[in-house]
Amino acid sequence: MQISKSFIEQYNDDNLKAHQRKLDFSTSEIENSEAIIKQLVDFQIAIPSWALGTGGTRFGRFPGGGEPRSLEEKIEDVGLLHALNQASGAISLHIPWDIPTDANAIRNLAAQHGLKFDAVNSNTFQDQADQALSYKFGSLQNVNKAIRKQAVDHNIEVIKHGIELGSDSLTVWLSDGSCFPGQLNFRKAFQNTLEGLQEIYAALPSNWKMFVEYKCAEPNFYSTTVGDWGQSLLYASKLGEKAYTLVDLGHHLPNANIEQIVSLLLMEGKLGGFHFNDSKYGDDDLTAGALKPYQLFLIFNELVEGMNARNMNHAKDLGWMIDASHNVKDPLEDLLQSVEAIMMAYAQALSVDRQALEIAQNENDTVRCQEILQNAFRTDVRALVAEASLRAGGALNPIGLFRNLKVRENLIKERGFKTIATGL
Ligand code: LRH
Ligand code: MN
Ligand code: MN
């Protein structure tokens, strides 16, 4: 299925009057609204190839129908999202869940949908059917050198796929760790892992980045070898200037101050990018902004402050990715919601009166500081996000048009009801 420009234009025309009314109000409230809209037009968030099907839990999976059966169909799905919001112009592949057997054809197909390839992800947290050695006791940390080599080789293979697709970064997430005290020697596990990462790093093309993703727990529940931002930063610093820390919002211990982590990583020039999602209990991978929109705003507030201080290019210098996937929503609608929530948090952060905030901070006027932040957070920026979509050629309300055009029903007709996407 493809969404034609004329459908989008018709839908926007039908909704233009109501939109204009809201936009007029927002622009009268928000001083720098024009600059915000321009930033939003440039903003792109990569869609993970593993989020296009209904996610499972370890207790079951309830596919919703019309799920993509191949990498080609996943690209088609991201193409639909991008046509609707013009903000999802990249796909992040997980290998071997999605192996591009004919890289040229895949690249061309993506280009037809206006899509680029974002970070490629390696997978040494599962054993594949054709795999010689098991990762049961870890991959890069493993006490067995042959297993470590197998994991290194896999990562190098993933880089090769990425090069063919025109990607320019590798995300390494390791499930390595231990479930019981005494199971492993922390120092040796760290050193083995560092050595493996160094070999992978050496295989990176010069213009590539390596993202070292940390996670506090799961599947290992006593220790994790890349367990927090301190450990990730340690690896990234030892590896070199192409290595960065990747922050997945769901990978922290409860109540962690993620915005402070973001601020300090930015200060050190070591923030690589994000996996956006939301959670209440652990790595829940729920829709971004669904539970803690204020936290999402505070993260963006630090991002805007830090990126301005370092003169960074918002669109190019960081990897923006979603990592969400679950059981009950239509995955495409869910991704549209995530993108919108992220753009709202970004717009709100861009509207913060930074000068006033700095003055209030210097005067230790805590009440005023809170007021300035919450004023921005409580300002309705939905019309600015809609306007950015409109100007970029997307729909004023992407989910509205998705339902209007009966996209899911059409996908079910095309692909059938009993389809299960590869991935989680
Ligand atoms: C691990 C993780 C990591 C994986 C993805 C499937 O929890 O966040 O990014 O690649 O999930
Ligand atoms: Mn992740
Ligand atoms: Mn995760």
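Because the structure is predicted, anything quoted here is derived from the model rather than measured.

Q: For the overall build of the protein, give the residues involved together with the corresponding values.
A: Counting secondary structure elements, the protein contains 15 helices and 11 strands. Its C-alpha atoms give the protein a radius of gyration of 22 Å, within 12% of the compact-globule value 22 Å for 424 residues. Considering only C-alpha atoms, the protein reaches an extent of 65 × 60 × 40 Å along its principal axes. Put simply, the protein has 424 residues, and 47% of those count as buried.

Q: Please provide a residue-by-residue account of the sheet that holds strand β9 (residues 243-248), values included.
A: Taken together, the 6 strands give an open sheet; going across it, the order is β4-β5-β7-β9-β10-β11, and neighbouring strands pair in parallel fashion. The two strands at the open ends of the sheet, each matched to only one other strand, are β4 (120-121) and β11 (319-322). Bridge analysis of strand β5 (residues 169-173) against strand β7 (residues 209-213) gives 5 bridges, and the strand direction is parallel. Bridging across to β7, Leu170 finds its partner in Met210. Helix α7 (residues 229-239) contacts β7 and β9 of the sheet and is inclined by roughly 160° relative to β9.

Q: Now, about the site of ligand 1: what can you tell me, with residues and values included?
A: Among the 11 residues in the neighbourhood of ligand 1, the closest are listed as Asn121, Trp173, Asp248, Asp283 and Asp323. A per-class count over the shell around ligand 1 returns 3 nonpolar, 3 polar and 5 charged.

Q: Could you give me a rundown of the sheet that holds strand β1 (residues 47-48), with the residues and numbers involved?
A: Spatially, the 3 strands line up as an open sheet ordered β1-β2-β3, and their pairing is parallel. Each edge of the open sheet is held by one strand with a lone partner, namely β1 and β3 (116-117). Where β1 meets strand β2 (residues 90-92), 2 bridges bridge the pair, whose relative direction is parallel. Directly across from Ile47, in β2, lies its bridge partner Ile91.

Q: Describe in detail the pairing of β5, supporting the description with residues and values.
A: Most of β5 is tucked away, with 5 of its 5 residues classed as buried. Alternating positions in β5 separate into two faces, Ser169, Thr171 and Trp173 on one and Leu170 and Val172 on the other, with burial throughout. Each parallel crossover has a hand, and for β4 linked through helix α5 (residues 145-165) to β5 it is right-handed.

Q: Run through unusual backbone geometry, naming residues and quoting values.
A: Cis rather than trans, the peptide bond between Ile95 and Pro96 has omega equal to 20°. Assignment of secondary structure puts Pro96 in the loop between β2 and α4 (103-112). Of note, the amide linkage connecting Glu218 to Pro219 takes the cis form, showing an omega dihedral of 5°. Of note, the phi angle at Gln86 is positive, near 55°, even though the residue is not glycine. Within the secondary structure, Gln86 is located in the loop between α3 (71-85) and β2.

Q: Help me get a handle on helix α6 (residues 186-202), residues and values and all.
A: In an α-helix, one turn spans 3.6 residues; hence positions three or four apart end up facing the same way. Taking 1.5 Å of rise per residue, 17 residues should cover 24 Å, and α6 covers 24 Å from first to last C-alpha, within 8% of that figure. Taken as a whole, α6 has its buried residues at Ala189, Asn192, Thr193, Gly196, Leu197, Ile200 and Tyr201. Where α6 is buried, its residues contact α5, β5, β7, α7 and β9.

Q: A description of the environment of Leu286 should follow, citing residues and the corresponding values.
A: For Leu286, the location among the structural elements is in the loop between β10 (271-276) and α9 (293-309). A count of 22 C-beta atoms within 10 Å places Leu286 in the buried class. Leu286 has contacts with Asn277, Asp278, Ser279, Leu291, Ala324 and His326, leaving out every residue within four places of it along the chain.

Q: Account for the pairing of β9, naming residues and giving values.
A: By the criterion of burial, β9 is predominantly enclosed, with 6 of the 6 residues buried. Residues Ala243, Thr245 and Val247 line one face of β9 and the alternating positions Tyr244, Leu246 and Asp248 line the opposite face, and both faces are buried. Examined bridge by bridge, β9 and β10 share 4 bridges and lie parallel to one another. In the sheet register, Val247 faces β10, and the bridge partner there is Phe274. Regarding the hand of the β-α-β motif, the stretch spanning β9, helix α8 (residues 258-267) and β10 is right-handed.

What counts and what doesn't
Residues numbered from 1 in each chain as written. Chains lettered and ligands numbered in written order. Predicted model: local features only at pLDDT ≥ 70, side-chain atom pairs only at ≥ 80, totals over all residues. Helix = DSSP H or I, 4+ residues; strand = E, 2+ residues; numbered from the N terminus. Rg over C-alpha atoms; globule rule 2.2 N^0.38 Å. Buried ≥ 20, exposed ≤ 12 C-beta atoms within 10 Å, placed from the backbone. Pairing = 2+ DSSP bridges. Contact = placed C-beta atoms within 7 Å. Axes fitted to C-alpha atoms, helices over the stretch in contact; angles between N-to-C directions. Near = placed C-beta within 6 Å. Nonpolar A, V, L, I, M, F, W, Y, C, P; charged D, E, K, R; others polar. Right-handed = clockwise from strand over helix to strand, strands pointing away. Expected span 1.5 Å × (residues − 1).

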